[in-house]
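# Structural characterization, general
Take a look at the letters that make up each chain.
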Amino acid sequence: MLFLYNTLSRKKEMFVPLHEPNVGMYVCGPTVYGDPHLGHARPAITFDILFRYLQHLEYKVRYVRNITDVGHLENDADAGEDKIAKKARLDQLEPMEVVQYYTNRYHKAMEALNVLPPSIEPHASGHILEQIEFTQKILDAGYAYESEGSVYFDVEKYNKDYRYGKLSGRNVEEMLETTRELDGQSEKRRSVDFALWKKASPEHIMRWKAPWSEGFPGWHMECSAMGTKYLGEEFDIHGGGMDLMFPHHECEIAQSCAALGKDSVRYWMHNNMITIGGQKMGKSLGNFITLEQFFTGKHPLLNKAFSPMTIRFFILQAHYRSTVDFSSEALEASEKGLERLLEGYARLQKLKPNGKQPATAGVDKSSLNQTASGVNQVSLSQTASGVEQFSSGQVASGDKSESSLAGLRQRCESAMNDDLNTPIVISNLFDALKTINLVHDGKAGISENELAELKSVFKLYLEDLMGIQEEAAQGEGVEAYQKAVDLLLNIRLDAKKNKDWATSDRIRNELSALGFEIKDTKDGFEWRL
């Protein structure tokens, strides 16, 4: 049973799809006026994990992730210039040139991070008609008003029939009492009201004809219109970053309730922020580091370049609902951890079953949880961040302790079912590395069935669900490169057998000088760059 934390109810709920086996999932994508940064990577990776896991559970998932290319103004309170139009003006480009360029850059970064593409990726500018129709529905229901060619949502009237603020926990009565007219916002009745349609000023580049004026949709309208278009009036999951909870997602809920008379979304999910020095990373704050800067190391806060898989692993080491404070040192620690995990995984592929006693690595007998059935016990503990973490005991049966492999699949599955607890999955895989290394070193045994199960679990959780892949596997000509190094080292082995120490040493020394680490083993050799 999969449990997900629903922001709307503030608790974990068992996931039950509306139309099993079909699942509808909508996630807010980027506003494409600049390069993607680490803050964009987190929701993309978080909901990529959910997408992968739902498919693993044999749901048929329609995953919609939008591209915002119109309507997102500099200020979330419907003020300022359109972010796309401003970038186009500054760079002397057509707005859609800006959109295309940064959408391509976003896709390239997501591919590097091994983020699967969504089922549908609609653009706001391609759904103007749907947004006009949705706005008209809200007007017809009496929860919006026209003012000087713009259309605004009437928060005060809506709040009398529904509750504005139920997602974010905002007290709308307090907001209404303290509201004042804002400069340039006199066409609104209340400052908390938000735009469904904005009349374009004479200099505004991006504009479309609507019954009220020539203008453009409000930022929040695109998600209500496109979510219901592709997933129906009611669908399962809506995700995004915690910074979108208010006003964006709060306004989406109000729009959908006003137009349709019901909530559209069953489960609201939000990933927490990535921070720098305790402050949210974001373009608007100017404290962001782009993904390309991470990949090249060209930023003052970075000690070196970091690979896409290091970035992905860094994000997955924290629960998606906890904050992650960035530092170059934290990334270096993640890099070393990932290196260990991938080395162990590569070592696992070369293991062969043997007749020795089974491995017992990683078993702390004093901490074993004894149960009548011998089934693994799982307990929950509360962390400072409010995220529940798994604490797993090993399986015990009488005086016999099972190895660290026993119940590995079950422990990983339990962690994933507990609101996608990837840090605990990673911890379980690290525990299993102890056994892999003992077997590799000839200090423990493993049966054919145990080995097959271990390989299966690692492939499922490390590769298929967490999306971690060998860095070299992302480049071209990798297989030829690996075979060339293997060939050199096999020549070295032959030289050693023939006691040609000069050739053996020369190959080793020159490869080491190039950055290769060579390790002789009882079965031959291991190497890494």
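Overview of the structure. (Residues numbered from 1 in each chain as written. Predicted model: local features only at pLDDT ≥ 70, side-chain atom pairs only at ≥ 80, totals over all residues. Heavy atoms only, no water.)

## Observations concerning the overall build of the protein chain
- For the protein chain, the count of helices and strands is 16 helices and 22 strands.
- Within the protein chain, buried positions represent 52% of all 529 residues.
- A sequence separation of at least 24 residues applies to 73% of the contacts in the protein chain between residues at least 6 apart.
- Accessible surface, the protein chain as shown: approximately 24,400 Å² in total, 48% of it carbon and sulfur. (Helix = DSSP H or I, 4+ residues; strand = E, 2+ residues; numbered from the N terminus. Buried < 20%, exposed > 50% of the residue type's maximum accessible area, 1.4 Å probe, protein only. Contact = heavy atoms within 4.5 Å. Areas by Shrake-Rupley, 256 points an atom, 1.4 Å probe, with all protein chains shown as cover.)

## Comments concerning the pattern of salt bridges
- Inspection of the entire model under this criterion finds 24 salt bridges.
- One network of salt bridges, in which partners are shared, links Arg492, Lys496, Arg508 and Asp520. (Salt bridge = Lys/Arg side-chain N within 4 Å of Asp/Glu carboxyl O.)

## Quick word on the sheet that holds strand 15 (residues 279-280)
- The strand order 15-14-16 describes an open sheet built from 3 strands, whose pairing is mixed. What marks the edges here is a single partner per strand, and that holds for strand 15 and strand 16 (324-326).
- With 2 bridges connecting them, strand 14 (residues 274-276) and strand 15 associate as antiparallel partners. When the sheet's bridge partners are listed, isoleucine 276 is paired in strand 15 with glutamine 279. (Pairing = 2+ DSSP bridges.)

## Notes on the state of the cysteines
- In total, this model carries 0 disulfides according to the counting rule given.
- In this model cysteine 28 remains outside any disulfide bridge; the closest cysteine sulfur is found in cysteine 223, 3.8 Å from its own.
- Classification of cysteine 28 by relative accessible area gives buried; the value is 10%. (Disulfide = S-S within 2.5 Å.)

## A closer look at the environment of alanine 195
- Mapped onto the elements, alanine 195 comes out in strand 9 (residues 194-199).
- Distance from alanine 195 to valine 151, taken between C-alpha atoms, is 6.0 Å for residues 44 residues apart in sequence.

## Considering a nonpolar patch on the surface
- On the surface, a cluster of nonpolar side chains totalling about 370 Å² of accessible area is made up of Met1, Phe3, Met14 and Val16.
- Under the relative-accessibility criterion, methionine 14 is labelled partly exposed at 36%. (Patch = residues over 30% accessible without salt bridge, like charges linked within 9 Å, V, L, I, M, F, W, Y side chains within 5 Å.)

## Observations concerning the packing of aromatic side chains
- Per the stated rule, a full pass over the model turns up 16 aromatic pairs.
- Taking the centre distance of 6.1 Å and the plane angle of 35° together, the rings of tyrosine 145 and tyrosine 152 count as tilted. Pair check on accessibility: tyrosine 145 and tyrosine 152 agree, each one buried.
- Seen in terms of ring centroids, phenylalanine 516 and tryptophan 527 are 5.7 Å apart; in terms of plane orientation they differ by 65°. Their pairing is edge-to-face. Linking phenylalanine 516 in the loop between helix 16 (501-513) and strand 21 (517-521) with tryptophan 527 in strand 22 (residues 524-528), this pair joins segments that are 11 residues apart in sequence.
- Owing to a relative accessible area of 11%, phenylalanine 516 belongs among the buried residues under this scheme.
- One aromatic cluster is present, built from ring pairs that chain together Tyr143, Phe153, Tyr158, Tyr162, Tyr164, Phe194 and Phe246.
- When the ring centre of phenylalanine 246 is taken as reference, the NZ or CZ atom of arginine 170 above it lies at 3.9 Å.
- For arginine 189, the ring lying beneath its charged end belongs to tyrosine 145, and the centroid distance is 4.0 Å. (Phe/Tyr/Trp six-rings, centres within 6.5 Å; stacked < 30°, edge-to-face > 60°. Lys NZ or Arg CZ within 6 Å of the ring centre and 35° of its normal.)

## A look at the nonpolar core
- Leu38, Leu54, Ile237 and Phe458 are the most contacted members of the largest nonpolar core, which has 80 residues in total.
- Counting residues per element, this core draws most heavily on helix 1 (residues 38-56), at 10 residues.
- Once residues within four sequence positions are removed from consideration, leucine 54 is found in contact with Leu2, Phe15, Val23, Met25, Tyr59, Val61 and Ile237.
- Judged by nonpolar contacts, the second largest core, of 57 residues, contains Tyr33, Ala124, Met175 and Phe216. (Core = buried A, V, L, I, M, F, W, Y, C linked by side-chain atoms within 4.5 Å.)

## Here's the deal with the side chain of lysine 83
- Tracing the backbone shows lysine 83 in helix 2 (residues 83-91).
- Since its relative accessible area comes to 15%, lysine 83 is described here as buried.
- Contact partners of lysine 83, with chain neighbours within four places excluded, come to Thr31, Tyr33, His72, Leu73 and Glu74.

## Focus: the sheet that holds strand 10 (residues 208-209)
- Strands sit in the order 7-8-9-11-10 across an open sheet of 5 strands; the sheet is antiparallel. Of all the strands in the sheet, just strand 7 (144-147) and strand 10 have a single pairing partner and so form its edges.
- Bridge count between strand 8 (residues 150-153) and strand 9: 3 bridges; the pairing is antiparallel. Bridging from a neighbouring strand, phenylalanine 153 pairs with phenylalanine 194 of strand 9.

## Let's talk about helix 7 (residues 221-231)
- Counting buried positions along helix 7 gives 9 out of 11 residues, so the element sits mostly inside the fold.
- Along helix 7, the positions that sit buried rather than exposed are Met221, Glu222, Cys223, Ser224, Ala225, Met226, Gly227, Thr228 and Leu231.
- Where helix 7 is buried, its residues contact strand 3 (22-27), strand 4 (60-65), helix 4 (128-141), strand 9, strand 12 (235-241) and helix 8 (245-260).
- Just downstream of helix 7 lies glycine 232, where phi reads positive at about 100°.

## Describing helix 3 (residues 95-112)
- For helix 3, spanning 18 residues, the distance from its first C-alpha to its last is 26 Å, which sits close to the expected 26 Å at 1.5 Å a residue.
- Listed in full, the buried residues belonging to helix 3 are Pro95, Val98, Val99, Tyr102, Thr103, Tyr106, Ala109, Met110 and Ala112.
- At the exit of helix 3 stands asparagine 114, carrying a positive phi of roughly 60°. (Expected span 1.5 Å × (residues − 1).)

## So, the packing of helix 1 against helix 14 (residues 448-465)
- Where helix 1 contacts helix 14, the two axes come as close as 10 Å, and the packing angle between them is 135°. With respect to helix 14, the axis of helix 1 lies oblique. Two secondary-structure elements touch here, helix 1 through Ile49, Arg52, Tyr53 and His56 and helix 14 through Leu460, Glu463, Asp464 and Leu465.
- Of the residues assigned to the contact of helix 1 with helix 14, the class counts are 4 nonpolar, 1 polar and 3 charged. (Axes fitted to C-alpha atoms, helices over the stretch in contact; angles between N-to-C directions. Parallel < 35°, antiparallel > 145°, perpendicular 65-115°, else oblique. Nonpolar A, V, L, I, M, F, W, Y, C, P; charged D, E, K, R; others polar.)

## Describing the pairing of strand 7
- The pairing of strand 7 with strand 8 spans 4 bridges and is classified as antiparallel. Directly across from serine 147, in strand 8, lies its bridge partner serine 150.
- What sits between the antiparallel neighbours strand 7 and strand 8 is a turn of 2 residues, in which glutamate 148 has the positive phi angle 55°.

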